[in-house]
Protein chains: 2
Amino acid sequence: MSAERLVVIGGVAAGMSAASSFKRLKPEAEAIVLQNDHFISYGACSLPYYISDDVKDINRLISLSPEVATKERGITVLTRHEARSIDPARKTVTAVDLDGNEEKTISYDHLVVATGGLPVRPPFPGIDLGHIFTLRTLHDGIEIKRFIDRWTTFEPCVGPQCVYVNPFGAEKRPMRASIVGGGSIGMEMCESLRKRRVEVTVFEKMDRVLGTMDTSITNIVEERLAAEGVNLMKGVSVQSFEGDSGSVTRVITDKGTFDTDMVLLVIGARPNTKIAVDAGIELGAGGAIKVDDHLRTNIPDIYAAGDCAEATQMVTGKKAYIPLGATANKQGRIAGENAAGMNNAFEGVVGTAVTKIFDLEVARTGLSPLDAEREGIDHFVSTIKGRSRSTAYPEGKPITVTYVAEKASGRLIGAQMAGNEGVAHRIDTLATALYNRMTLEDIARLDLAYAPPFATVWDPILVAANVALKRLQKERQL
Amino acid sequence: MSAERLVVIGGVAAGMSAASSFKRLKPEAEAIVLQNDHFISYGACSLPYYISDDVKDINRLISLSPEVATKERGITVLTRHEARSIDPARKTVTAVDLDGNEEKTISYDHLVVATGGLPVRPPFPGIDLGHIFTLRTLHDGIEIKRFIDRWTTFEPCVGPQCVYVNPFGAEKRPMRASIVGGGSIGMEMCESLRKRRVEVTVFEKMDRVLGTMDTSITNIVEERLAAEGVNLMKGVSVQSFEGDSGSVTRVITDKGTFDTDMVLLVIGARPNTKIAVDAGIELGAGGAIKVDDHLRTNIPDIYAAGDCAEATQMVTGKKAYIPLGATANKQGRIAGENAAGMNNAFEGVVGTAVTKIFDLEVARTGLSPLDAEREGIDHFVSTIKGRSRSTAYPEGKPITVTYVAEKASGRLIGAQMAGNEGVAHRIDTLATALYNRMTLEDIARLDLAYAPPFATVWDPILVAANVALKRLQKERQL
């Protein structure tokens with residue numbers, strides 16, 4: 001081996017970012033990406049919009065093809081190559097070419113593990129029946145859309161390639177989908193499936209959708225689901241699946257049995273760490289690969305980035321597992337830079353996310369009230385209802401803003417919002433506030449943009465800060 | 001005089017905020033507001049949308065009537081009372097009841113001067129002709145709309161109350177308006193008047209619209225104006241107006257003469273300080289009333305707030321005159337709180353503003369490149385074109401982001417943006433960055449919300465920071 005070489009396991013967000021930033025800094029070095037799929041560098045976050053048919057062409061989800069990665073960035077991409085083991089002593093990775101079934105051992109100077117996450121798939125009886133889907137890879141999205149397309153168009157299905165059969169033939173009963181898990185992907189899929197005229201039932205274990213979000217926000221989402229005809233079953237545990245002719249037809253829960261034509265398991269993701277663990281790489285928060293602020297693992301010259309790695313939650317200063325696409329890109333880039341000899345730190349995240357749920361924008365950053373409770377932070381929660389536009393200006397919409405603040409310091413530690421417009425980017429202002437450890441008093445002083453079409457003269461962010469400050473005074477008097 | 005008394009001169013944004021916050025803290029004390037108009041507490045920023053007919057009812061612009069202010073907040077509002085002089089030695093204000101023409105002398109314990117701004121009205125020959133309007137008060141807006149309404153509906157005009165005559169009778173030539181000044185109100189009025197099918201010519205002295213904004217942004221605005229049929233005359237000085245029968249019909253400039261049916265003078269605002277100056281109150285930045293961080297003037301117990309007062313531009317730490325509605329509300333509130341015995345500071349502004357210009361959102365915060373030059377700050381400017389949504393998601397729109405950064409520190413000192421969506425609130429993230437004196441490197445690390453309908457995975461804010469960082473490296477190598 002002549003040239004210095006980076007090997008990257010995984011070719012989606014973090015992996016391709018790592019290879020790209022490495023090659024940008026060291027064009028003379030070699031970067032090899034091992035990807036167990038045909039596709040690299042795709043935006044899985046857009047899959048609900050592909051399934052809904054808002055996006056017709058799956059290629060729009062792919063930001064980089066292996067050919068372009070090679071031609072324009074000088075990256076060697078080995079698609080359909082599954083990495084099987086890492087030998088840290090010899091500094092090699094062994095991979096199998098899934099098509100040729102040939103094993104290859106590739107040496108590395110630097111290794112980035114970017115194996116991503118895996119969908120949680122509990123061992124329910126019947127879990128292996130047909131038409132039970134997860135939604136993580138491009139293939140998952142393609143499979144789901146193909147199934148819905150076939151059902152909703154009632155195409156006659158003949159020949160060996162015909163996997164999905166509408167058991168009702170040409171009968172025009174709408175398709176029934178069961179979504180297991182009321183998290184953000186589950187919520188996005190409600191919109192997606194309703195757009196396809198599919199009947200949707202959501203099964204959620206907890207007392208609310210969207211995990212640990214505050215009920216001031218989740219109540220708004222649940223109202224919207226009801227208005228859109230989604231059947232939400234809260235506090236319900238799925239126990240097993242039953243089927244006919246190998247395909248799922250019934251969801252068995254502790255609250256009864258539900259007929260269904262497909263199941264979507266969106267219970268969450270767990271870090272894909274097997275290859276790392278086998279190589280002696282330590283795990284940290286949430287079972288993800290333990291990394292320092294330079295994204296180095298415990299083994300020299302091995303980095304980890306993206307959905308397989310932990311990150312510092314900057315609000316608490318503690319490591320956490322918060323797998324999100326934007327973070328994967330940032331971590332990948334920095335891991336690649338450091339592999340190329342830079343000394344760049346990834347400070348962490350504050351946990352900012354936004355989800356479109358029908359015409360609602362729902363966003364969060366920092367700690368939820370439940371997170372704060374678990375962290376043992378003496379906090380309080382304050383909610384206001386503001387408006388997206390000046391009352392004078394037509395068609396303004398309500399915005400609900402919930403702040404979580406630390407009692408002792410008055411510092412904002414989390415914020416959540418729901419509304420029909422102006423939510424997705426307002427949360428970024430609060431994410432910036434968290435990054436800077438701003439107090440409610442600081443936030444109330446922010447000089448935010450005002451014009452009647454976009455805000456009230458006291459922006460909801462400021463109103464929420466002022467109301468929370470009053471609440472803080474009261475809390476402190478108690 | 002028994003109860004402690006606050007007197008406020010001016011009853012719009014700052015004045016009513018001051019009286020309200022004072023009464024909230026001291027319900028037993030008295031608060032008297034002197035307002036030279038029928039109306040108090042109105043949102044002048046919405047006037048372009050009233051004139052455009054987006055807002056039909058002028059009452060929607062009024063957030064508080066004198067009756068409600070008295071009933072719900074215990075504030076004594078003396079409308080149509082013009083304050084004429086302040087006697088700081090005796091602690092009295094003399095005002096004239098404009099209806100009864102009666103002079104009243106009112107004593108105060110605390111005084112808040114909230115006299116606002118006045119439109120700049122240069123002494124052009126012919127300036128006093130009819131149909132030459134300014135746009136500042138509710139009355140201004142009502143007059144302009146009434147004039148356009150009459151013209152565009154071709155109502156026959158009879159009787160002594162008939163002020164506006166369409167000189168072309170029932171002939172259906174569209175009305176022609178001349179806007180003098182290409183600032184943000186001028187730009188908003190372009191949209192407003194085009195919606196009313198009025199032909200619009202804008203006369204701007206400078207080489208661009210929107211004052212000191214960067215040409216990377218103003219070029220986009222100017223393209224939009226052209227597409228909407230607005231005739232923009234840049235680098236043109238208006239010299240005089242000429243008319244027929246007492247009404248303006250021609251604008252005389254150094255580049256020729258233009259026929260017109262109305263003129264809108266929106267050249268800017270200057271602080272209304274006569275009463276303050278006469279009382280010995282010192283002036284500061286931009287001829288506005290000099291205030292300390294507690295909004296105290298040089299005279300004990302006299303505060304100033306709103307468009308008549310200066311504010312600290314936090315980016316430079318220097319006093320400046322940046323009259324904006326949201327600032328007026330904040331300053332008024334704090335002046336009232338301090339008059340009530342609190343010890344609250346108004347730290348200042350970063351100069352954040354957003355304007356809707358047709359379907360464009362145009363925003364700024366901090367220093368423009370020209371501002372930075374004037375301040376003698378060694379800076380550089382970096383512009384990117386991003387997108388409002390993921391490329392996969394339909395109907396994304398371009399967003400142009402321009403950063404101004406200090407070379408030595410790499411600190412962001414200003415940001416400007418233009419685009420069709422997602423601009424108005426993205427600027428707030430950068431305003432928050434300025435408040436916290438963040439560097440480009442800090443900004444590149446922000447954990448911003450990502451979902452395909454709202455952003456690209458690297459938000460335009462992050463892309464702009466990364467590109468500016470590369471530029472910074474180059475600048476430093478030079």
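Colleague: Hey, could you run me through the overall build of chain A in this one?
Modeller: A tally of helices and strands in chain A yields 12 helices and 25 strands. Its C-alpha atoms give chain A a radius of gyration of 24 Å, near enough to 23 Å, the size a compact globule of 478 residues would have. Across its three principal directions, the C-alpha atoms of chain A cover 70 × 65 × 40 Å. Counting only residues that meet the buried cut, chain A has 58% of its 478 residues in that class. Look at the contacts in chain A between residues 6 or more apart in sequence, and 61% of them connect residues 24 or more apart. Side chains of chain A give 55 positive and 60 negative charges; the mean places of these two sets differ by 3 Å.

Colleague: Quick question: what am I supposed to make of the domain arrangement of chain A here?
Modeller: For an interface, size is often stated in terms of accessible area lost upon the parts coming together. All names here are of chain A. Under the domain assignment used here, chain A contains domain 1 (5–44 + 63–117 + 269–339), domain 2 (132–265) and domain 3 (355–477). Inter-centroid distance (C-alpha atoms) of domain 1 to domain 2 is 32 Å. Counting residues at the interface gives 8 residues for domain 1, matched by 5 residues for domain 2. With both chains or domains summed, domain 1 and domain 2 bury close to 580 Å², and 59% of this area falls on carbon and sulfur atoms. If you look at where domain 1 meets domain 2, you find 1 salt bridge.

Colleague: In this structure, what is going on with the sheet that holds strand β24 (residues 398–406) of chain A? I would like to understand it.
Modeller: Through backbone hydrogen bonds, the strands of a sheet pair up, either in parallel or in antiparallel fashion. Residues and elements named next belong to chain A. Spatial strand order, β21-β22-β25-β24-β23: 5 strands in an open sheet with antiparallel pairing. With partners counted over all chains shown, the strands left at the sheet margins are β21 (353–357) and β23 (379–387), one partner each. When strand polarity is set aside, the average angle formed by the axes of neighbouring strands in this sheet is 15 degrees. Bridging between strand β22 (residues 360–366) and strand β25 (residues 412–419) involves 6 bridges; their strand directions are antiparallel.

Colleague: For this particular structure, what's the right way to read the confidence of the model for chain A?
Modeller: It should be kept in mind that the predicted coordinates are not to be read in detail where pLDDT is low. Considering every residue of chain A, the mean pLDDT works out to 94; 96% of them sit at 70 or more. Interface scoring of the predicted complex returns ipTM 0.94; its pTM is 0.94.

Colleague: Whenever I open this one, the interface of chain A and chain B confuses me. Can you help?
Modeller: Between chain A and chain B, the contact holds 59 residues from the first and 59 residues from the second. Three residues, His425(A), Asp447(A) and Phe454(A), lead the burial of chain A against chain B; their summed loss comes to 14% of the area buried on that side. Inspection of the region where chain A meets chain B yields 2 salt bridges. Among the ionic pairs, Glu347(A) bridges to Arg445(B), the shortest N-O distance being 3.6 Å. Remark: the boundary between chain A and chain B carries 17 residue pairs in polar contact (both at pLDDT 80 or more). The set of elements that each furnish at least two residues to the side of chain A that touches chain B consists of α8 (325–339), β21, α10 (426–435), α11 (440–444) and α12 (460–477) of chain A. Its residues assigned to classes, the side of chain A that touches chain B comprises 31 nonpolar, 15 polar and 13 charged.

Colleague: What's the story with the relation of the copies chain A and chain B in this structure? I'm lost.
Modeller: Superposing the two chain copies requires a rotation about an axis and a translation along that axis. You can overlay chain A on chain B at an RMSD of 0.0 Å; the transform is a turn of 180 degrees with a shift of 0.0 Å along its axis. Between the two chains, the operation in question is that of a two-fold axis. Closest approach to the rotation axis within chain A is made by the C-alpha atom of Thr429(A), at a distance of 2.2 Å.

Colleague: Mind showing me how you'd approach the pairing of strand β22 (residues 360–366) of chain B here?
Modeller: When a strand is regular, its side chains alternate between the sheet's two faces. Residues and elements named next belong to chain B. Of all 7 residues in β22, 7 are buried, a share of seventy percent or more. Here 5 bridges tie strand β21 (residues 353–357) to β22, and the two strands are oriented antiparallel to one another. Of the residues in β22, the one forming a bridge with Ala353 is Arg364. The turn linking β21 back onto β22 is made up of 2 residues, and Phe358 within it adopts a positive phi angle of 55 degrees.

Colleague: Quick question: what am I supposed to make of the pairing of strand β1 (residues 5–9) of chain A here?
Modeller: All names here are of chain A. β1 sits mainly inside the fold: 5 of its 5 residues count as buried. Residue alternation in β1 divides its side chains into two sets, Arg5, Val7 and Ile9 and Leu6 and Val8, and both sets are buried. Sheet analysis places β1 next to strand β2 (residues 30–34), joined by 5 bridges and oriented parallel. When the sheet's bridge partners are listed, Ile9 is paired in β2 with Leu34. Following the chain from β1 across helix α1 (residues 13–25) to the adjacent parallel β2, one finds a crossover that is right-handed. Summarising the sheet, β1 and strand β7 (residues 110–113) pair through 4 bridges and their orientation is parallel. Within β7, the residue paired with Ile9 across the bridge is Val113.

Colleague: Whenever I open this one, the sheet that holds strand β25 (residues 412–419) of chain B confuses me. Can you help?
Modeller: Residue and element names in this part refer to chain B. Read across the open sheet, the 5 strands follow the order β21-β22-β25-β24-β23; overall the sheet is antiparallel. What marks the edges here is a single partner per strand, and that holds for β21 and β23 (379–387). Taking each pair of neighbouring strands and ignoring which way they run, the sheet shows an average axis angle of 15 degrees. Where β23 meets strand β24 (residues 398–406), 9 bridges bridge the pair, whose relative direction is antiparallel. Bridge pairing in β24 places Gly386 opposite Ile399. In the packing of helix α10 (residues 426–435) onto the sheet, contacts are made with β22, β24 and β25, and the angle to β25 comes to roughly 175 degrees.

Colleague: What exactly am I supposed to notice about the packing of aromatic side chains here?
Modeller: Given two aromatic rings, one states the distance between the centres and the angle between the planes to describe the pair. Overall, the coordinates contain 8 aromatic pairs over all chains when judged by the stated rule. Ring centres 5.7 Å apart and planes at 80 degrees place the aromatic pair Phe124(A) and Phe241(A) in the edge-to-face group. Highlighted residues: Phe124(A) in the loop between β8 (117–119) and β9 (132–134) and Phe241(A) in strand β13 (residues 238–244), separated in sequence by 117 residues. Given the relative accessible area of 3%, Phe241(A) is considered buried. Ring centres of Phe133(A) and Phe147(A) lie 5.6 Å apart, and the angle between their planes is 40 degrees; on these two criteria the pair is classed as tilted. With a gap of 14 residues between them, Phe133(A) in strand β9 and Phe147(A) in helix α4 (residues 138–153) connect regions that are remote in the sequence. Lying across the ring of Tyr50(A), Lys145(A) places its NZ or CZ 3.9 Å from the centre. Looking at Arg333(A), its charged tip hangs above the ring of Trp458(B), at a distance of 4.2 Å from the centre.

Colleague: Would you mind going over the pattern of salt bridges with me for this structure?
Modeller: In a structure, side chains of opposite charge can pair up when their charged atoms sit close to one another. All names here are of chain A. Counted under the stated rule, the structure contains 66 salt bridges over all chains. A salt bridge links Glu191 to Lys356; its shortest N-O distance comes to 2.6 Å. Here Lys356 lies in strand β21 and Glu191 lies in helix α5 (residues 184–195), a separation of 165 residues in the sequence. In this structure Lys356 comes out as buried when scored by relative accessible area, which is 16%. Through salt bridges with shared partners, a single network forms among Asp54, Glu191, Lys195 and Lys356.

Rules behind the numbers
- Residues numbered from 1 in each chain as written.
- Chains lettered and ligands numbered in written order.
- Predicted model: local features only at pLDDT ≥ 70, side-chain atom pairs only at ≥ 80, totals over all residues.
- Heavy atoms only, no water.
- Helix = DSSP H or I, 4+ residues; strand = E, 2+ residues; numbered from the N terminus.
- Rg over C-alpha atoms; globule rule 2.2 N^0.38 Å.
- Buried < 20%, exposed > 50% of the residue type's maximum accessible area, 1.4 Å probe, protein only.
- Contact = heavy atoms within 4.5 Å.
- Lys, Arg positive; Asp, Glu negative; His and termini not counted.
- Charge placed at Lys NZ, Arg CZ, Asp CG, Glu CD.
- Domains from an automatic or database assignment.
- Buried area = accessible area lost by both parts, 1.4 Å probe.
- Salt bridge = Lys/Arg side-chain N within 4 Å of Asp/Glu carboxyl O.
- Pairing = 2+ DSSP bridges.
- Axes fitted to C-alpha atoms, helices over the stretch in contact; angles between N-to-C directions.
- pLDDT = per-residue confidence, 0-100.
- Polar contact = N/O pair within 3.5 Å; in protein donor to acceptor, adjacent residues only side chain to side chain.
- Nonpolar A, V, L, I, M, F, W, Y, C, P; charged D, E, K, R; others polar.
- Least-squares fit on C-alpha atoms with pLDDT ≥ 70 in both.
- Right-handed = clockwise from strand over helix to strand, strands pointing away.
- Phe/Tyr/Trp six-rings, centres within 6.5 Å; stacked < 30°, edge-to-face > 60°.
- Lys NZ or Arg CZ within 6 Å of the ring centre and 35° of its normal.

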